[in-house]
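Structure assessment
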Amino acid sequence: MRRPCAVLPGGPRRASREGRSLRFPAALCWGARRLEGCPGHVAPGAQPRRAAPAPRPCPAPRRCEMAAPGGCRLLRLGRRWFSQEPAVPPPPGPLYPPVVASHTARSKAARRRRLEHFHRQVHEAASIEEKLRLYGKLQRPKYTVHPQTFALNADRWYRSFTRTVFVPGLPPPAEAAEEPGPAAGAAPDADLDLGALRSLACDALLQESFYQNKRRPFLYRDQDHTPGPFLTQLVSSLAASLCGRNPLLAASSLDLNPEVNYYWHHGEEVVVHGHRKGRVDPVRFQIDDKPHLQLRVPKQLPEIVPLESDLGDVPVIDHKPSKLPLFKKQYENKVFIGSKVADPCCYGHTQFHLIPDKLKRERFEIANLEDQIEVVYRANGVASLFAWTAAQAMYQGFWNEADVTRPFVSQAVVTDGKYFAFFCFQLNTLALTVETVKNNPRKNICWGTDSKPLYDVVEEGSVKGFNDEVLLQLVRFLLNRPKEL
Amino acid sequence: MLAVRPGVPQPEDTVQFRVSMEMTKVDIKNYLEKIYNVPVAAVRTRIQYGANNKKNHKNQRVKKPDYKVAYVQLGKGQTFQFPNLFPEKEQDEEARSFDDFRKKYLEKEQQIQKGDPRRGGVPDWFGL
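Residues numbered from 1 in each chain as written. Chains lettered and ligands numbered in written order. Predicted model: local features only at pLDDT ≥ 70, side-chain atom pairs only at ≥ 80, totals over all residues. Heavy atoms only, no water.

A few words now on the sheet that holds strand 1 (residues 2-4) of chain B. All names here are of chain B. Strand order in this open sheet of 4 strands is 1-2-6-3, and the pairing throughout is antiparallel. Both edges of this open sheet fall to strand 1 and strand 3 (40-48), since each of them pairs with a single strand only. Each adjacent strand pair in this sheet contributes to an overall mean axis angle of 30°, direction not counted. Bridging between strand 1 and strand 2 (residues 14-19) involves 3 bridges; their strand directions are antiparallel. If you follow A3 over to strand 2, its bridge partner there is F17. (Pairing = 2+ DSSP bridges. Helix = DSSP H or I, 4+ residues; strand = E, 2+ residues; numbered from the N terminus. Axes fitted to C-alpha atoms, helices over the stretch in contact; angles between N-to-C directions.)

Laid out in structure tokens, this is it:
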């Protein structure tokens, strides 16, 4: 059979270098067999096959040094091999991508680049929910910090984890400081009908402990039996009666058994076991708190002291948190104030905590640990308020790379039914990680009192030894509001 | 009950003991308070498993014994630091001079071993 042979359209035949007579364009060869005497044939992989257009003079007759014979011929068939358009000016700016460290290498530069990428992602997040989701995306074992703990000297450890300074006593009321006139200073207290408020408190107490017939409490359920309902009743009735004097209370939201969570990094440690052994990791903490009651308001409480004030020292503890004892677990990294981000009442006013049965006064007295009684109250106040204020700050978009620009203030009352301790917390900084805490002079501040009894004893339908000071302090806490209102 | 030096640094108020496997936290607290008058605030215990990996000359597995470790936190603000049981002893005149003499003798021996310094470290057997 005669092999197909194309007669080249137009143009005289040109002598090839090899001097063969048959011109056979490669496009018409089939199979991978080398056809003898076919100067135009090229092995299939060597050159892309193209249809032969009108012949043109080869623009570079001697320059094409191709392996296949007659390869130049293909080019001479008119294919352009360099552009004949006018030269385009090079684009402005660098021609090459920026020289940065690797993304996946096991090097410090790569780790820094990955961290920067993560920080940029969180900074550029579209919404607060997205920011919180990215912040707590990576799950690793973390220390669970319980605000109500039996650990000895827990409040010192908690202050070192949260960079908090403890100032005994409450801050002086702002109105008295600003307007030194006696009438202005005494006005908020003088108008109060203390008798009515006292009767409210006594009614609640008597109802729960005397008038209502209750069965004996189950084992370790004493606090849920009487002091819990008493506290709820007391706070709701006091808040309702003080609504007229404090419009913020009218717009507030009272949560029953809410949940408050916060997740943060502080300090560094080397991973001990596992496939990540030897790596330097931040120390992760999580607080999951369940206050008994919580008042959330739409406007923030005023700052007590300026943002950069220094009222004391933060205790520095060199030991690992596991010596407290504190235990590690891995679960969801939650940041929550008690309501979701879209809620208008996104700032905190007051929390009410109930001390559980295992941490009652009597148990400490039996075990000869009287000095640890106040530690329980202080640790509860510091940890719960830090978690709440920090979560409020995160709801406003701040985090440890974007530190707070205004202080967040909240209050708390820790009680076991009879003894009340009052705490005030000002969050000045969220930057607690190793890099951000280096040049951070700010410290969080917590003011707190010792626990004082509200009454001495309830017998035969009357409350003996009612303490007005404690009630007054509680009322002052509830009346606290920003200056505009 | 044996007070031991902690392997990992412990807080100042924590003392580490190795106790018998049958002792409980309450037992340890009573023991220290009643016999030694030590105020105890809290006790935490754990059992350390002794490994069973080593083999003897008969290729039998040899078990290291298990033991219970107790971490006792002292009350009333007391602290405890495990003492250094092997302190550096003060050497008297004779011992110091004997030490110097011995050191000089050893140095001289080492010099002789090295060979003539003028040969620059080249061994003795190298040469014509």
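Each side of the interface is counted separately: chain B has 11 residues, and chain A has 9 residues. Together, the buried faces of chain B and chain A total about 820 Å²; carbon and sulfur atoms form 56% of this surface. When residues of chain B are sorted by the area they lose upon contact with chain A, P11, A41 and R44 of chain B head the list and together hold 42% of the total. There are 0 salt bridges connecting chain B and chain A. Put simply, chain B and chain A have 1 residue pair in polar contact (both at pLDDT 80 or more) between them. For the side of chain B that touches chain A, the element with the highest residue contribution is strand 3 of chain B, accounting for 3 residues. Split by residue class, the side of chain B that touches chain A holds 5 nonpolar, 2 polar and 4 charged. (Contact = heavy atoms within 4.5 Å. Buried area = accessible area lost by both parts, 1.4 Å probe. Salt bridge = Lys/Arg side-chain N within 4 Å of Asp/Glu carboxyl O. Polar contact = N/O pair within 3.5 Å; in protein donor to acceptor, adjacent residues only side chain to side chain. Nonpolar A, V, L, I, M, F, W, Y, C, P; charged D, E, K, R; others polar.)

A few words now on unusual backbone geometry. With an omega of 15°, the peptide bond between L324 of chain A and P325 of chain A qualifies as cis. Tracing the backbone shows P325 of chain A in the loop between strand 6 (293-297) and strand 7 (328-329). At E460 of chain A, a position not held by glycine, the phi torsion is positive, near 55°. Position of E460 of chain A relative to the elements: it lies in the loop between strand 13 (457-459) and strand 14 (462-464). Although it is not a glycine, N59 of chain B sits at a positive phi angle of roughly 60°.

Residue and element names in this part refer to chain A. Taken in spatial order, the 4 strands make up an open sheet running 4-5-1-7, and their pairing is mixed. Strand pairing shows two members of the sheet lacking a second neighbour, strand 4 (260-270) and strand 7, which therefore form its edges. As paired strands, strand 4 and strand 5 (residues 280-289) are joined by 9 bridges and run antiparallel to one another. Each bridged residue has a counterpart across the sheet, and for V260 the counterpart in strand 5 is D289. Against the sheet, helix 4 (residues 154-162) engages strand 1 (142-145), strand 4 and strand 5, with an angle of about 85° to strand 4.

Below, the discussion takes up the layout of surface pockets. Put simply, the largest pocket is a space of about 1,600 Å³. S322, P325, L326 and F327 of chain A together with R44 of chain B are, among the 46 residues lining the largest pocket, the residues nearest its centre. Among the elements that make up the lining of the largest pocket, the one with the highest residue count is strand 3 of chain B (6 residues). Of the residues that constitute the lining of the largest pocket, the class distribution is 22 nonpolar, 10 polar and 14 charged. Reported here for the second largest pocket is a volume of approximately 1,400 Å³. Together, 36 residues line the second largest pocket, and R111, R114, L115, D281 and P282 of chain A are the ones closest to its centre. Of all the elements in the fold, those that place two or more residues in the lining of the second largest pocket are helix 2 (108-123), helix 3 (128-135), strand 4, strand 5 and helix 13 (434-438) of chain A. Here the lining of the second largest pocket is built from residues that sort into 11 nonpolar, 10 polar and 15 charged. (1 Å grid on protein atoms, 1.4 Å probe; cavity = no way out; pocket = protein on both sides within 12 Å on 5 of 7 lines; lining within 4 Å. Points joined across faces, edges and corners; volume = space filled by probe spheres on them.)

A few words now on the nonpolar core. Residues and elements named next belong to chain A. Y158, Y262, W264, F423, L427 and L430 are the most contacted members of the largest nonpolar core, which has 66 residues in total. Residue contributions to this core peak at 15 residues, all from helix 12 (residues 371-395). Residues within four places of Y262 in sequence aside, it is in contact with Y135, F285, Q286, I287, K334, V335, F386, A387, A390, A391, M394 and L430. One finds A204, L242, L478 and L479 within the second-largest nonpolar core, a separate group that totals 33 residues. (Core = buried A, V, L, I, M, F, W, Y, C linked by side-chain atoms within 4.5 Å. Buried < 20%, exposed > 50% of the residue type's maximum accessible area, 1.4 Å probe, protein only.)

Once that is clear, we can look at the pattern of salt bridges. Residues and elements named next belong to chain A. All chains considered together, the criterion is met by 24 salt bridges over all chains. Between E208 and K214 there is a salt bridge, with the nearest N and O atoms lying 2.7 Å from each other. On the basis of relative accessible area, K214 is assigned to the partly exposed category, the value being 29%. Measuring nitrogen to oxygen at the nearest pair gives 3.9 Å for the salt bridge that ties R361 to E374. With R361 in helix 11 (residues 361-366) and E374 in helix 12, the pair connects residues that are 13 residues apart, well separated along the chain. Take R361: its relative accessible area is 13%, and that puts it in the buried class.

Moving on, we come to a positive patch on the surface. Residues R106, R111, R114 and R279 of chain A make up a contiguous surface patch of positive charge. With respect to the element layout, R111 of chain A can be found in helix 2. (Patch = residues over 30% accessible without salt bridge, like charges linked within 9 Å, V, L, I, M, F, W, Y side chains within 5 Å. Areas by Shrake-Rupley, 256 points an atom, 1.4 Å probe, with all protein chains shown as cover. Lys, Arg positive; Asp, Glu negative; His and termini not counted. Charge placed at Lys NZ, Arg CZ, Asp CG, Glu CD.)

Right, let's get into the packing of aromatic side chains. For the coordinates displayed, the defined rule picks out 18 aromatic pairs over all chains. Centre to centre, the rings of F398 of chain A and F408 of chain A are 6.0 Å apart; their planes meet at 75°, and the pair counts as edge-to-face. Of this pair, F398 of chain A sits in the loop between helix 12 and strand 9 (408-415) while F408 of chain A sits in strand 9, and the two are 10 residues apart along the sequence. The same class applies to F398 of chain A and to F408 of chain A, which are both buried. Each ring, one from Y31 of chain B and one from Y36 of chain B, has its centre 5.8 Å from the other, and the planes form 40°; the classification is tilted. (Phe/Tyr/Trp six-rings, centres within 6.5 Å; stacked < 30°, edge-to-face > 60°.)

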